[in-house]
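Remarks on the overall topology
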Amino acid sequence: TRWLSDHLAGVWSGHPRFADLRVEAPLEESIMIVAQPTLLGHALDNLLDNAFKYSVSGSPVCIEVVRGPDAVVIAVEDRGRGIAAEDMDRVFDPFFRAGEVKQAGIGGVGLGLAVTARIVTAFGGSVGVKGRPGGGSRFVVRFPCHPVRGNP
């Protein structure tokens, strides 16, 4: 979780919506993910960039880190426009952009989520999304747990 704090401060502290960012992570325990830090940061940044892009200023964007019995879960949740049910299966496809997003003139080329999915799966993880139109999105990344020496 120290890496997460350092990364967020280093990359996002100058962002106009940094004050909207909420982090829920256990400070008392070490959580280990086997991943290259720069690539993990890039995957997280893509999720945050989308959360900020598709939600209004002043609405919270939450990062939650939880260690379960068999996985470390990193969730990024916003209260933005949401994703239409028919688009849920395609959001991780390269170059996919929902029609309503294009019509609204929101910038992008449709690579961020595809890159995130490739990074996460390269390190043995998985990524998925839940949400409803008009109600926001919750992207959930899961990595297998690895014991940390010195922690029970």
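1. Things to note about the sheet that holds strand β5 (residues 137-144)
Taken in spatial order, the five strands line up as β1-β2-β3-β5-β4 in an open sheet, and their pairing is mixed. Each having just a single partner strand, β1 (21-24) and β4 (126-131) make up the two edges of the open sheet. Between one strand axis and the next, the sheet turns by 15° as a mean value, whatever way the strands run. Relative to β5, β4 is paired through six bridges, and the arrangement is antiparallel. Opposite Gly-128, over in β5, you have Val-140 as the bridge partner. Packing of helix α2 (residues 37-53) onto the sheet brings it into contact with β1, β2 (61-67), β3 (71-78) and β5, and relative to β3 it is tilted by some 25°.

2. Brief notes about the confidence of the model for the protein chain
Of the residues in the protein chain, 91% reach a pLDDT of 70 or more, and the chain-wide mean stands at 89. Confidence scores differ between elements of the protein chain, with helix α3 (residues 99-103) showing the lowest mean pLDDT of 80 and helix α4 (residues 112-122) the highest of 97.

3. With respect to the packing of helix α1 (residues 2-12) against α2
Two elements in contact, α1 and α2, have axes whose closest approach is 11 Å; the angle formed by their N-to-C orientations is 60°. By the angle between their directions, the pair α1 and α2 is classed as oblique. With respect to the hand of their crossing, α1 and α2 are arranged in right-handed fashion. Judged by residue contacts, Trp-3, Leu-4, His-7, Leu-8, Val-11 and Trp-12 of α1 engage Pro-37, Leu-40, Gly-41, Leu-44, Asp-45, Leu-48, Asp-49 and Phe-52 from α2. Residue classes in the contact of α1 with α2 are distributed as 10 nonpolar, two polar and two charged.

4. Description of the nonpolar core
Grouped together as the largest cluster of nonpolar side chains are 35 residues, with contacts concentrated most on Leu-8, Leu-44, Leu-48, Ile-63, Val-76 and Phe-92. Every element with two or more residues in this core is listed here: α1, α2, β2, β3, α4, β4 and β5. Considering every element that reaches this core, the biggest residue donor is α2, with seven residues.

What counts, and at which threshold
Residues numbered from 1 in each chain as written. Predicted model: local features only at pLDDT ≥ 70, side-chain atom pairs only at ≥ 80, totals over all residues. Heavy atoms only, no water. Pairing = 2+ DSSP bridges. Helix = DSSP H or I, 4+ residues; strand = E, 2+ residues; numbered from the N terminus. Axes fitted to C-alpha atoms, helices over the stretch in contact; angles between N-to-C directions. Contact = heavy atoms within 4.5 Å. pLDDT = per-residue confidence, 0-100. Parallel < 35°, antiparallel > 145°, perpendicular 65-115°, else oblique. Left-handed = near helix turned anticlockwise from the far one by under 90°. Nonpolar A, V, L, I, M, F, W, Y, C, P; charged D, E, K, R; others polar. Core = buried A, V, L, I, M, F, W, Y, C linked by side-chain atoms within 4.5 Å. Buried < 20%, exposed > 50% of the residue type's maximum accessible area, 1.4 Å probe, protein only.

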